[in-house]
Amino acid sequence: MLLNAHLASGTKDFDGSRLFTEPLAAFNADGELFPILAAEVPSAQNGGVAADGRSVTWKLKRDVTWHDGKPFTAEDVVFTFDYVKDPATATTSSGDYAGVESVQKIDDFTVKVNFKEATPFWAVAFTSGRGHIFPKHILTPFKGAESRNAPFNLKPMGTGPYKITDFRPSDLILAEINTNYHVPNRPFFDKIELKGGGDATSAARAVLQTGEYDFAWNMQVEADVLQSLEKAGVGTVVLNQSAGTEHLQFNFADPHTEVDGERSSIKSKHPFLSDPKVRQAISMAINRKLINEELYGPLGVSGTYFVFNPKKYAPADQGKWLFDLQKAGQLLDEAGWVKGSDGIRAKDGKKMKLVYQTSENSVRQKTQQILKKDFESLGMQVELKVVNQNVYFGESTNPDSYPQFLTDIQMYNTGPGIDPHIFLQLGVSSAAAQKANKWSGRNITRYQNPEYDKLWDASRAEMDVVKRTDMIKKLNQILIDDAVIVPISNRNGAQVAKKGL
């Protein structure tokens, strides 16, 4: 776990670092942008957003200080852009700034963000989880190749509502109130204890049953277990509609062969997952109804599209899914993968063996078992790999992290946020995660499709809202038609809170 939001890859890291460092603005529950370090949200009405979509001017709050008392100014915003865009820094957030040409200091409390072309969704840069502003006077020596060595990564110095007092990676964050915080009458608590590590069921029990903690997030726990814990009367389960999809990813590169010293190299080709018929067969072998009814209950519904919320970006038919092992077997036959005497399919001397990884979680392990049984009935040999969640969603330079993707298939949950365009960079060839960018690219599957690339590039600069929405729908459809991403469950958000919080 890291407390540097620009180097981290997991939501837990973004949540932890958000206590200490802040963006210019963020989105509320209604999808509306509100200012944090900015004095106001830019708009066409206040002159902040250029009519041609090529620039945005941010006015910054005055009298904001870093935790060490130094003033926050436009210099810090300009520095943050330079930090993020430096290839040697290899930030996981660089994709959010790909369309930014430059960031200019107009005066001490005004910056102008210039885009390479007309940019409809200009609010992706400097906002929300990947928009945190960093102190120039602290991190200047650690921009570039030294980024991973900064003490700041474990003990951040920010403008946020809390100051760090202790951090034990994969375990605990202790923080105390920032009495000089720039928002009046905030924060509400004198001290915060943020517990990590462990498992979702233990976290739910600590709130719902023992009352040791006040709140727990992302409760990927069997529905019947949550209901049982809730009966203790200490806390309650809080559900909300989300945009996250529990899904399978296929590796289009070969994770078992090294090319220039790199596994899953974009220069390689997976021996059978590069065949669309094989990917479609695997999709047909997923019993979404069983998984969602038996494991998720009210926490999820069978997934169809990868981007299903906001609803305007999903095709109108909302999609269909098919569970048919017989048809799946026929597709594999058509693709030339024939069962041998050992029951394992093979082609040209290559056996159909899969390593299937995900993070350590009871629902995910049960999902793995269901899929393994059906995949093996088709003639695939399946090895299950379970990775500690702090490693899987941790530093991308760890070979067991999901961005490196050194197995054949993997599973986790993710969603697009307010605008899915940057999120859909996960299918763009030039955004491939690889050793050269320290696996910070969004395209983790190493999928390559010129049609997808062209459409994504065109949508980036399309200022017509209707046309751009239609383009995003088509990108969403390609991911499903080409079986790049296979949705399993469109998950609802599940939190638990102690009564009286």
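See the structure above.
Residues numbered from 1 in each chain as written. Predicted model: local features only at pLDDT ≥ 70, side-chain atom pairs only at ≥ 80, totals over all residues. Heavy atoms only, no water.

A. Structural detail: the sheet that holds strand β3 (residues 55-59). One open sheet holds the 3 strands; their spatial order is β3-β5-β4, and the pairing between them is antiparallel. Edge strands, defined here as strands with exactly one partner in the open sheet, are β3 and β4 (100-107). On average, adjacent strands in this sheet sit at an angle of 20° to one another, irrespective of strand direction. In this sheet, strand β5 (residues 110-115) lies alongside β3 in antiparallel orientation, the contact comprising 5 bridges. Residue pairing in the sheet places Trp58 in a bridge with Val111 of β5. Along the sheet face, helix α2 (residues 74-85) touches β4 and β5 and points at about 165° away from the line of β4. (Pairing = 2+ DSSP bridges. Helix = DSSP H or I, 4+ residues; strand = E, 2+ residues; numbered from the N terminus. Axes fitted to C-alpha atoms, helices over the stretch in contact; angles between N-to-C directions. Contact = heavy atoms within 4.5 Å.)

B. Local environment of the packing of aromatic side chains. Under the counting rule described, the total for this entry stands at 17 aromatic pairs. Ring centres of Tyr402 and Tyr412 lie 4.5 Å apart, and the angle between their planes is 45°; this geometry places the pair in the tilted category. In this pair, Tyr402 sits in the loop between α10 (389-392) and β18 (409-414) while Tyr412 sits in strand β18, placing the two residues 10 residues apart along the sequence. Residue classification places Tyr402 among the buried residues on the basis of a relative accessible area of 10%. The exposure class of Tyr412 is buried, given its relative accessible area of 5%. (Phe/Tyr/Trp six-rings, centres within 6.5 Å; stacked < 30°, edge-to-face > 60°. Buried < 20%, exposed > 50% of the residue type's maximum accessible area, 1.4 Å probe, protein only.)

C. Fine view of the side chain of Thr110. Tracing the chain through its elements places Thr110 in strand β5. A polar contact of 2.9 Å, which involves the side chain of Thr110, links it to the side chain of Asp107. (Polar contact = N/O pair within 3.5 Å; in protein donor to acceptor, adjacent residues only side chain to side chain.)

D. The arrangement of the pairing of strand β20 (residues 493-498) in detail. With 5 of 6 residues buried, β20 is to be regarded as a mostly interior element. Taken together, the 2 bridges between strand β9 (residues 215-216) and β20 define a ladder with antiparallel strand orientation. For Phe215, the partnering residue across the bridge sits in β20 and is Ala497. Across 6 bridges, strand β10 (residues 235-240) lies against β20 in antiparallel orientation. Residue pairing for β20: Val238 is matched across the bridge by Gln495.

E. A look at the packing of helix α4 (residues 200-208) against helix α5 (residues 223-230). Viewed as axis vectors pointing N to C, α4 and α5 meet at an angle of 20°, and their least axial separation amounts to 9 Å. Between α4 and α5, the angle falls in the class roughly parallel. Between α4 and α5 lies a crossing whose hand is right-handed. On the side of α4, the interface is formed by Thr201, Ala204, Arg205 and Leu208, while α5 contributes Val225, Leu226, Leu229 and Glu230. (Parallel < 35°, antiparallel > 145°, perpendicular 65-115°, else oblique. Left-handed = near helix turned anticlockwise from the far one by under 90°.)

F. Broad picture of helix α7 (residues 288-296). Turning to α7, its buried residues number three or more, namely Arg288, Ile291, Asn292, Leu295 and Tyr296. In a view along the axis of α7, the buried residues occupy a sector of 100°, so they form one face of it. When the buried face of α7 is taken as reference, the exposed residues oriented beyond 90 degrees from it are Glu293 and Glu294. Buried residues in α7 make contact with α5, β11 (245-250), α6 (276-284), β12 (300-302), α9 (362-377) and β19 (485-491). Directly beyond the C-terminal end of α7, a positive phi value near 60° is found at Gly297. (Arc of directions from axis to C-beta.)

G. Layout of the sheet that holds strand β8 (residues 191-195). Taken in spatial order, the 3 strands make up an open sheet running β6-β7-β8, and their pairing is antiparallel. The open sheet has two edge strands, β6 (162-168) and β8, and neither has a second partner. Strand-to-strand twist in this sheet, taken as the mean axis angle between neighbours without regard to direction, amounts to 15°.

H. Structural detail: the pattern of salt bridges. Per the counting criterion, the structure on display carries 24 salt bridges. Arg148 serves as the salt-bridge partner of Glu395, at 3.4 Å between the closest nitrogen and oxygen. Separated by 247 residues along the polypeptide, Glu395 in the loop between α10 and β18 and Arg148 in the loop between α3 (136-139) and β6 bring together distant segments of the chain. Of the charged contacts, one joins Glu246 and Arg364 as a salt bridge, the two residues approaching to 2.6 Å between their closest N and O atoms. Of the two residues, Glu246 sits in strand β11 while Arg364 sits in helix α9, which places them 118 residues apart along the sequence. Each of the two residues, Glu246 as well as Arg364, counts as buried. (Salt bridge = Lys/Arg side-chain N within 4 Å of Asp/Glu carboxyl O.)

I. Spatial organisation of unusual backbone geometry. Between Arg186 and the following residue, Pro187, the backbone shows a cis peptide bond with an omega angle of -10°. For Pro187, the location among the structural elements is in the loop between β7 (172-177) and β8. Between Asn309 and the following residue, Pro310, the backbone shows a cis peptide bond with an omega angle of 5°. Relative to the helices and strands, Pro310 is located in the loop between β12 and α8 (325-334).

J. Structural context of the pairing of β4. When β4 meets β5, the two strands line up antiparallel, connected through 6 bridges. Bridge pairing links Val100 to Phe115 in β5. Connecting the antiparallel pair β4 and β5 is a turn made up of 2 residues.

K. How the structure looks around the packing of helix α11 (residues 450-460) against helix α12 (residues 465-481). At their nearest, the axes of α11 and α12 sit 9 Å apart, and the two run at 155° to each other. Between α11 and α12, the angle falls in the class roughly antiparallel. Considering the relative orientation of α11 and α12, their crossing is left-handed. Contact residues: α11 offers Glu451, Tyr452, Leu455, Trp456, Ala458 and Ser459, while α12 offers Arg468, Met471, Lys474, Leu475, Ile478 and Leu479. Considered class by class, the residues forming the contact of α11 with α12 number 8 nonpolar, 1 polar and 3 charged. (Nonpolar A, V, L, I, M, F, W, Y, C, P; charged D, E, K, R; others polar.)

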